Amino acid sequence: MARYSLYFGDCLLWMDKRGENSIQAIVTDPPYGLREYTPEEKEKLRNGHGGVWRIPPSFDGCKRRPLPRCTLLTESDREKLRSFFSEFARRAIRVLVPGGHLFIATNPLLSHLVYLPLMDAGFEKRGEIIRLVKTLRGGDRPKNAHGEFAHVTVMPRSGWEPWGLFRKPCEGRVQDNLRKWKTGGLRRISPEKPFEDVVRSAPTRGEERAIAPHPSLKPQAFMRQLVRASLPLGVGTVLDPFMGGGSTLAAALAVGYESIGIENDPVFYRMAERAIPKLAEIGAETKPVPGPHLRRAPRDERVLPLPFQP
Ligand SMILES: C[S@@+](CC[C@H](N)C(=O)[O-])C[C@H]1O[C@@H](n2cnc3c(N)ncnc32)[C@H](O)[C@@H]1O
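Residues numbered from 1 in each chain as written. Predicted model: local features only at pLDDT ≥ 70, side-chain atom pairs only at ≥ 80, totals over all residues. Heavy atoms only, no water.

A. Region of the structure containing the site of the ligand. Around the ligand, a shell composed of 22 residues is seen, among which Asp10, His214, Gly245, Ser247 and Glu263 lie nearest. Cys11 places a polar main-chain atom, nitrogen or oxygen, 3.0 Å from a nitrogen atom of the ligand. Between a nitrogen atom of the ligand and a side-chain N or O atom of Asp29, the distance comes to 3.1 Å. Looking at the shell around the ligand residue by residue, the classes come out as nine nonpolar, eight polar and five charged. (Near = heavy atom within 4 Å. Polar contact = N/O pair within 3.5 Å; in protein donor to acceptor, adjacent residues only side chain to side chain. Nonpolar A, V, L, I, M, F, W, Y, C, P; charged D, E, K, R; others polar.)

Right, dumping it as structure tokens:
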């Protein structure tokens, strides 16, 4: 049974304490802007109105998930984002073993602000995974002039989500790196079928959102494909430094990989703690054994003092 460890606290501090060359893959979905996960914006989200969280209109009676409005970022927000990702990149490349891959979720408007700091820190860009998914972003007519410009769309209606694919440089040839560090490539879907960079996906299903009602929860069907590909020999530990509701860790548990998750929001941390075994069970033929596989970090290993008793 794959083990996983959860840490409550700031992932940058956690990575500072983590040993060099000790993680085989990072699969993560960071905050796109720095604003949507500030305490003020999270309070507005939880109150159900206002702020950067836009509640899409319920035109067909269905309750919709809030979406962050990243177009509201100012130049100074963008600068903060660049500098946040520089800090993240320096730490990520240190903890990853040579040849270790980083899969990082982003969006078409901001990906450059995430990718450039990663490359400046020494990561090789290895491509992009295109998650084909229809979101409610874009496709609108000009605000307050819908009638006048009925044939205009301000932005394309988005049909994809980019995930940057990066690698810490290998030591020597890929085969040498695979032997020594168990990393350097991606796990094939089967001996005949390589992992591919376009993955058809659907928005996260209601069943999963009911288990982990995190506003950015990623679907298991998609996450399991990425997580599985991230360890070429199926050996090692997958880290998600921005764990949210725990979809990466649940995917790792479902495919039998060891994993570590970090989250700095107490509500989301508790949500992930409860959700991971349940999300991992979805679609599984055999149920993961509950209990002992969850190794909670001893208190002194945790990065920040806990404001709650988990
Ligand atoms: C986009 S969400 C991740 C959602 C996740 N992929 C899922 O499926 O549930 C980003 C998460 O990172 C957390 N976060 C933001 N800054 C952080 C930090 N410095 N350290 C740890 N977690 C952080 C936020 O609270 C949020 O839950």
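B. Expanded view of the pattern of salt bridges. A complete count under the given rule lists 16 salt bridges for this structure. A salt bridge links Arg167 to Glu124, with the nearest nitrogen and oxygen atoms 2.9 Å apart. With a gap of 43 residues between them, Arg167 in strand β7 (residues 160–167) and Glu124 in strand β6 (residues 124–132) connect regions that are remote in the sequence. A network of salt bridges, in which partner residues are shared, links Asp16, Glu87, Arg90 and Arg91. (Salt bridge = Lys/Arg side-chain N within 4 Å of Asp/Glu carboxyl O. Helix = DSSP H or I, 4+ residues; strand = E, 2+ residues; numbered from the N terminus.)

C. The side chain of Arg91, seen in detail. In this fold, Arg91 is placed in helix α3 (residues 75–95). Relative accessible area serves as the criterion here: at 13%, Arg91 is assigned to the buried category. The residues touching Arg91, leaving out its near neighbours within four places in the chain, are Leu12, Met15 and Asp16. (Buried < 20%, exposed > 50% of the residue type's maximum accessible area, 1.4 Å probe, protein only. Contact = heavy atoms within 4.5 Å.)

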